[in-house]
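Chains, contacts and geometry: an overview
Read off the chains here:
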Amino acid sequence: MKTFKIAILMVVVALTTTVTAQKSAKIGHINSNDLLSAMPERNEVQKELEDYANQLKVTMDAMRKEYETKVGEFQAKQDVMTDIIKDTKIKEITDLERRIGEFQQTAEADLQKKETSLLQPIIDKAKTAINDVAKENGYTYVLDSSAGSVLYSVEGDDLLPKVKTKLGIK
């Protein structure tokens, strides 16, 4: 009876080892920032974002110049202005300050929105290539080493060269 239990235990251990070996995870890693930087589309997006930011800056500079001019005129002539004119000029300057602040907030939000909309197709293309390479090479997990979320890992395979090849990047 004792030998029977030992035999059963050995069979269970052997089966468990076989199942575990079959389910071992193949882990790779990639630095997604390096990949996105290497993609040629990234330069086009960067140029378009810079152009858009410059357009916003030109408008902001014009608004600031108008503000400085109004403040300068007010300061130069306030001694000879009547109270009604002073109040009107102060209101104009205050309204212009408010519009400049609103424009700045809106411009920052628009620039962020534009960046997201321009980068999303590139990110999707990179994700698809990473997924394809992972499937083609039998990876169970792929970790993004640029996120810094890997605290410890055994040597894994860097997929960056294979993904770059998949995307035709040299």
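First things first, this report covers the structure right here in the doc. All of these numbers come straight from a predicted model, not from anything done at the bench.

Describing the sheet that holds strand 1 (residues 27–30)
Here we have 3 strands laid out as an open sheet, ordered 2-1-3, and parallel in their pairing. The open sheet has two free edges, formed respectively by strand 2 (141–144) and strand 3 (157–158), since each of these has just one partner strand. Two strands pair when backbone bridges link them, and strand 1 and strand 2 are joined in this way by 4 bridges, in the parallel orientation. Residue isoleucine 27 lies in a different strand from strand 2, and its bridge partner there is tyrosine 141.

Side note on the pattern of salt bridges
Evaluation of the coordinates by the stated rule reveals 8 salt bridges. With a closest N to O distance of 3.2 Å, glutamate 102 and arginine 98 form a salt bridge. Here glutamate 102 pairs with arginine 98, and both are found in helix 4 (residues 83–136), just 4 residues apart, close to one helical turn. Note on glutamate 102: relative accessible area 39%, which makes it partly exposed. Across the salt bridge formed by lysine 166 and glutamate 136, the nearest N and O atoms sit 2.8 Å from each other. Linking lysine 166 in helix 5 (residues 160–167) with glutamate 136 in helix 4, this pair joins segments that are 30 residues apart in sequence. A relative accessible area of 39% places lysine 166 in the partly exposed class. Since its relative accessible area comes to 54%, glutamate 136 is described here as exposed.

Brief notes about the packing of aromatic side chains
Tallied over the full model, the rule gives 0 aromatic pairs. Of note, lysine 26 hangs over the ring of tyrosine 139, and the distance from its end group to the ring centre comes to 4.6 Å. Seen from the ring of tyrosine 52, lysine 114 lies directly overhead, with NZ or CZ sitting 5.1 Å from the centre.

A closer look at helix 5
Of all the residues in helix 5, the buried ones are Leu160, Val163 and Leu167. Looking straight down helix 5, one finds that the buried residues subtend no more than 65 degrees of arc, so they occupy a single side. Considering only its buried residues, helix 5 is in contact with strand 1, helix 2 (32–38), helix 4 and strand 3. Remark: glycine 168 follows helix 5 within two positions and exhibits a positive phi of approximately 75 degrees.

A short note on the nonpolar core
Ranked by internal contacts, the top residues of the largest apolar core, which has 20 residues, are Ile30, Leu35, Met39, Val163 and Leu167. Elements supplying a minimum of two residues to this core: helix 2, helix 3 (40–77), helix 4 and helix 5. Leaving out residues up to four positions away in the same chain, isoleucine 30 has contacts with Leu35, Ile130, Val142, Leu143, Asp144, Ser145, Ser146, Asp158, Leu159, Leu160 and Val163.

As for the pairing of strand 1
Residues Gly28 and Ile30 line the buried face of strand 1, whereas the alternating positions Ile27 and His29 sit on a face that is not buried. Summarising the sheet, strand 1 and strand 3 pair through 2 bridges and their orientation is parallel. Among the inter-strand pairings, glycine 28 is bridged to a residue of strand 3, identified as aspartate 157.

Points about the packing of helix 4 against helix 5
Interaxial distance between helix 4 and helix 5 falls to 9 Å at its minimum, and their mutual angle equals 115 degrees. Handedness of the helix 4/helix 5 crossing: right-handed. Mapping the contact onto sequence places Lys125, Ala129, Ile130, Asp132, Val133 and Glu136 in helix 4 and Lys162, Val163, Lys166 and Leu167 in helix 5. The residue makeup of the contact of helix 4 with helix 5, split by class, is 5 nonpolar, no polar and 5 charged.

Cut-off values and rules
Residues numbered from 1 in each chain as written. Predicted model: local features only at pLDDT ≥ 70, side-chain atom pairs only at ≥ 80, totals over all residues. Heavy atoms only, no water. Pairing = 2+ DSSP bridges. Helix = DSSP H or I, 4+ residues; strand = E, 2+ residues; numbered from the N terminus. Salt bridge = Lys/Arg side-chain N within 4 Å of Asp/Glu carboxyl O. Buried < 20%, exposed > 50% of the residue type's maximum accessible area, 1.4 Å probe, protein only. Phe/Tyr/Trp six-rings, centres within 6.5 Å; stacked < 30°, edge-to-face > 60°. Lys NZ or Arg CZ within 6 Å of the ring centre and 35° of its normal. Arc of directions from axis to C-beta. Contact = heavy atoms within 4.5 Å. Core = buried A, V, L, I, M, F, W, Y, C linked by side-chain atoms within 4.5 Å. Axes fitted to C-alpha atoms, helices over the stretch in contact; angles between N-to-C directions. Left-handed = near helix turned anticlockwise from the far one by under 90°. Nonpolar A, V, L, I, M, F, W, Y, C, P; charged D, E, K, R; others polar.

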